[in-house]
Amino acid sequence: MNRITPTETLQCGWRLIHDPDNRGKDEKWFLGIPERGAVSAEVPSFVHQYLPDCHGIAWYQRDFRTGLRPDDAHSAFLRFEMADFLCEVWLNGAHLGVHRGTENPFSFDVTGKLNPYGENRLVVRVSKPYTEDVDGYSFLEIPHRNQMPNGILPGACYDSYGIHGAVTLALLPKARISDLYLTGNVQTESINAVLTLANDYADSIPVRLDLLAAEARTGVARASDESHLLLPPGETVLRRSLP
């Protein structure tokens, strides 16, 4: 039986503004960016698609209502597919956290901060160094592949930054597999699994973990494993091997 995760994608309706003097935090733009100087945008996008040659720091804002309702069995998560480079996020004025990276996904638990029955305001500050240091980083200190800190040359890329992956709001079970990493061992003909289990409840709960390995071509099951455990609150990393 397929289980579908209720999800909403925040693609249209964004506002975007450049912050060349790094005034936004002092002026509390995380409560709402200035309308003067802001442009309409969609996400995913790079800042320079809407604000050419505006390096350094930019702020995205999205006002939205949601049909998702966290309950006793589900938590609400705000998920970012990608953002480049330093990304700081607020929801309804509450600081969710900071992420540093370029191509890796990240998420925030917004269960207690989301307004399921009214307006919500999501504000995202993104920054990236160029010819000048930004937020304590120089261009050479961060992942940039073949990008140039300024301008462009044959074989190089523009120094782009922004929210260049989808932003989604999702309801997830409070007890779930939050990460799975698989490797194969040709000598032992086995599959090694590293699983991260999440428990958003306040207390430990009993869970059953079922693993099944089948041939991709035929669907025929080749190995299985069943385990029972008391899952504590937070994240638990387990290692299993099949067969």
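Residues numbered from 1 in each chain as written. Predicted model: local features only at pLDDT ≥ 70, side-chain atom pairs only at ≥ 80, totals over all residues. Heavy atoms only, no water.

Moving on to the sheet that holds strand β8 (residues 106-109). Strand order in the open sheet made by the four strands is β1-β10-β5-β8, with antiparallel pairing throughout. Two strands lie at the open edges of the sheet, namely β1 (7-9) and β8, each paired on one side alone. The average undirected angle you get between the axes of adjacent strands in this sheet is 25 degrees. Relative to strand β10 (residues 167-173), strand β5 (residues 74-80) runs antiparallel, the two being bridged by seven bridges. (Pairing = 2+ DSSP bridges. Helix = DSSP H or I, 4+ residues; strand = E, 2+ residues; numbered from the N terminus. Axes fitted to C-alpha atoms, helices over the stretch in contact; angles between N-to-C directions.)

To continue, consider the sheet that holds strand β12 (residues 190-199). Taken in spatial order, the three strands of this open sheet run β11-β12-β15, and their pairing is antiparallel. Looking along the sheet, the strands with just one partner apiece sit at the ends: β11 (175-185) and β15 (234-242). For this sheet the average axis-to-axis angle between neighbouring strands, irrespective of direction, equals 15 degrees. Here 10 bridges tie β11 to β12, and the two strands are oriented antiparallel to one another. Residue pairing for β12: A175 is matched across the bridge by N199.

This next bit is on the side chain of S227. Mapping S227 onto the fold places it in strand β14 (residues 221-231). Judged by relative accessible area, S227 falls into the buried class, the value being 12%. Those residues in contact with S227, other than ones at most four positions away along the chain, are V207, R208, L209 and R240. (Buried < 20%, exposed > 50% of the residue type's maximum accessible area, 1.4 Å probe, protein only. Contact = heavy atoms within 4.5 Å.)

Turning to the side chain of S75, a few remarks are in order. Mapped onto the elements of the fold, S75 is located in strand β5. A relative accessible area of 2% places S75 in the buried class. A polar side-chain atom of S75 sits 2.9 Å from a polar atom in the side chain of D200. Not counting residues within four places of it along the chain, the set of residues in contact with S75 comprises D109, T111, A170, L171, L172, K174 and D200. (Polar contact = N/O pair within 3.5 Å; in protein donor to acceptor, adjacent residues only side chain to side chain.)

Now for a nonpolar patch on the surface. On the surface, a cluster of nonpolar side chains totalling about 350 Å² of accessible area is made up of I177, L180, L182 and I191. Among the secondary structure elements, L180 is positioned in strand β11. (Patch = residues over 30% accessible without salt bridge, like charges linked within 9 Å, V, L, I, M, F, W, Y side chains within 5 Å. Areas by Shrake-Rupley, 256 points an atom, 1.4 Å probe, with all protein chains shown as cover. Salt bridge = Lys/Arg side-chain N within 4 Å of Asp/Glu carboxyl O.)

Further remarks concern the packing of aromatic side chains. Within a pair of aromatic rings, the relevant descriptors are the distance that separates the centres and the angle that separates the planes. Taken as a whole and assessed by the stated rule, the structure comprises eight aromatic pairs. Pairing W59 with W90 gives two aromatic rings, centres 5.4 Å apart and planes at 20 degrees, and the pair type is stacked. Residue W59 is found in strand β4 (residues 56-64), and its partner W90 is found in strand β6 (residues 85-91); the two are separated by 31 residues along the sequence. The structure contains a cluster of three or more aromatic residues connected by ring pairs, namely W29, F30, W59 and W90. (Phe/Tyr/Trp six-rings, centres within 6.5 Å; stacked < 30°, edge-to-face > 60°.)

A cis geometry characterises the amide bond from V43 onward to P44, with omega recorded as 10 degrees. By the element assignment, P44 lies in the loop between β3 (39-41) and α1 (47-50). The step from L242 to P243 runs through a cis peptide bond, and the omega angle for that step is -10 degrees. Summarising the element assignment, P243 is placed in the segment after β15. The phi angle at D53 is positive, at roughly 60 degrees, despite the residue not being glycine. Structurally, the position occupied by D53 is in the loop between α1 and β4.

Applying the stated criterion across every chain, the model contains 13 salt bridges. The salt bridge partner of R121 is D63, with a shortest N-O separation of 2.7 Å. Of this pair, R121 sits in strand β9 (residues 120-128) while D63 sits in strand β4, and the two are 58 residues apart along the sequence. Note on R121: relative accessible area 30%, which makes it partly exposed. Residue D200 pairs with R176 through a salt bridge whose shortest N-O separation is 2.8 Å. Pair noted here: D200 is in the loop between β12 and β13 (205-214) and R176 is in strand β11, with a separation of 24 residues, a long-range link. Taken together, the shared-partner salt bridges in this structure form one network comprising D84, K128 and D159.

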